[in-house]
Amino acid sequence: MKRALLPALLLALAGLIAGCGKAGSLLSQYDTDGVAYLAYTDIDTVCDTPELAEAGGDLLASLEDSLLLSFVVDSSIELNGELGGYDHLVITNPRWVERFADPGQLKPVSFDSLPEDMRDFLCAQMPVLTVDGSVLPEGTGLYEYGGGAFPAFPVNVTLGWAEPVEAERPLILLADRPAEVFRPESCLLPLTSSGNVLFSGGEDALRTALAESRLPDYGAAYSLNATLQEETNP
């Protein structure tokens with residue numbers, strides 16, 4: 001049953017947090033200068049309405065060069081035997097790694113070397129999330145990290161409902177251009193709502209892009225630093 005649950009769980013989580021914007025105090029340890037995020041008034045409607053989901057995809061594509069993706073998959077779906085010797089499965093992009101970790105410590109991993117249960121999980125789940133329906137689309141790859149703890153976000157970190165993860169031995173699925181690889185309605189838009197997709201271009205740029213999109217009535221842009229300050233000094 002778990003093999004079909006991830007998109008549904010993401011949407012459920014996104015619906016719970018729509019319109020919220022509280023950040024956890026542990027985020028103060030991260031370099032959040034100029035980082036902004038989106039909060040939605042009704043993310044379920046956006047994801048479930050084809051025209052709105054397409055508009056959301058267009059918005060994310062326009063922001064690709066500032067997009068920071070970090071998603072600990074096992075924070076929204078239970079993975080036990082699938083992980084094998086890994087402690088987390090993390091979907092991320094080079095911009096996140098460049099900002100919060102060391103890209104030189106990424107070590108390629110072949111799909112065939114993964115535990116059988118993990119291969120089965122990826123084969124069942126990734127086609128639901130990717131635009132072309134493949135397990136590892138062009139521009140994606142699997143990696144281990146040799147630089148110590150790898151910082152990553154489970155769902156709801158920016159709301160203060162979870163803490164950042166320092167993964168000791170993560171399996172990393174790296175996507176060069178997430179907005180081109182992942183489907184908006186089943187992956188990126190829910191992840192945007194759950195705080196796993198952030199934007200490094202600043203609040204003003206994100207607000208302008210949202211205003212120029214077809215979704216201005218469904219969300220708002222916020223500065224992560226400002227939210228952190230409100231959380232620390234209510």
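Higher on the page you've got the structure.
Description of the structure in this document. (Residues numbered from 1 in each chain as written. Predicted model: local features only at pLDDT ≥ 70, side-chain atom pairs only at ≥ 80, totals over all residues. Heavy atoms only, no water.)

Judged by how many residues are buried, strand S2 (residues 67-72) sits mostly within the fold: six of six residues are covered. The alternating pattern of S2 places Leu-67, Leu-69 and Phe-71 and Leu-68, Ser-70 and Val-72 on opposite faces, both of which are buried. Sheet topology places S2 next to strand S9 (residues 197-199); three bridges connect them, and they run antiparallel. The partner of Leu-68 across the bridge, within S9, is Leu-198. (Buried < 20%, exposed > 50% of the residue type's maximum accessible area, 1.4 Å probe, protein only. Helix = DSSP H or I, 4+ residues; strand = E, 2+ residues; numbered from the N terminus. Pairing = 2+ DSSP bridges.)

So, about the packing of helix H3 (residues 50-62) against helix H7 (residues 184-193). Put simply, H3 and H7 touch, their axes get as near as 10 Å, and they point 60 degrees apart. Comparing their axes, H7 and H3 come out oblique. Along this stretch, H3 crosses H7, giving a crossing that reads as left-handed. Where H3 abuts H7, its residues Ala-53, Gly-56, Gly-57 and Leu-60 lie against Pro-184, Glu-185, Leu-188, Leu-189 and Thr-192. (Axes fitted to C-alpha atoms, helices over the stretch in contact; angles between N-to-C directions. Parallel < 35°, antiparallel > 145°, perpendicular 65-115°, else oblique. Left-handed = near helix turned anticlockwise from the far one by under 90°. Contact = heavy atoms within 4.5 Å.)

Our next topic: the side chain of Glu-64. With respect to the helices and strands, the residue Glu-64 is situated in the loop between H3 and S2. Nearest to the buried, unbridged Glu-64 among oppositely charged side chains is Arg-177, at 4.2 Å. Among all residues touching Glu-64, those that are not within four sequence positions of it are Arg-95, Arg-177, Pro-178, Ala-179 and Glu-180. (Lys, Arg positive; Asp, Glu negative; His and termini not counted. Salt bridge = Lys/Arg side-chain N within 4 Å of Asp/Glu carboxyl O.)

This model, assessed by the stated rule, comprises four aromatic pairs. Here Trp-96 and Phe-100 contribute two aromatic rings whose centre-to-centre distance is 4.3 Å and whose plane-to-plane angle is 50 degrees, an arrangement assigned as tilted. Taken together, the residues span about one helical turn, with Trp-96 and Phe-100 both in helix H4 (residues 94-100) at a distance of four residues. Using a relative accessible area of 18% as the deciding quantity, one classes Phe-100 as buried. Their ring planes at 75 degrees and their centres at 5.0 Å tell us that Trp-96 and Phe-153 sit as a pair that is edge-to-face. Here the residue Trp-96 occupies a position in helix H4, and Phe-153 occupies one in the loop between strand S6 (150-152) and strand S7 (165-167), the gap between them amounting to 57 residues. Across this residue pair, the class does not change: Trp-96 and Phe-153 are buried. Among the aromatic side chains, those forming a connected cluster through ring pairs are Trp-96, Phe-100 and Phe-153. (Phe/Tyr/Trp six-rings, centres within 6.5 Å; stacked < 30°, edge-to-face > 60°.)

Turning next to H7. Burial analysis of H7 places nine of its 10 residues in the buried class, which makes it a mostly covered element. Backbone geometry just downstream of H7 places Gly-195 in the positive-phi region, at approximately 80 degrees.

Moving on, we get to the environment of Tyr-40. With respect to the secondary-structure elements, Tyr-40 resides in strand S1 (residues 36-40). By relative accessible area, Tyr-40 is classed as buried at 3%. Remark: the alpha-carbon pair of Tyr-40 and Pro-190, spanning 150 residues in sequence, is separated by 9.9 Å.

So, about helix H5 (residues 116-129). In this model, H5 (14 residues) spans 20 Å end to end at C-alpha, consistent with the 20 Å of a helix rising 1.5 Å per residue. Remark: the principal bend of H5, roughly 25 degrees, maps to Cys-123, with a proline, Pro-127, within the next four residues. Listed as buried for H5 are Met-118, Phe-121, Leu-122, Gln-125, Met-126 and Leu-129. (Expected span 1.5 Å × (residues − 1). Bend = angle between axes of the 7 residues up to and from the residue.)

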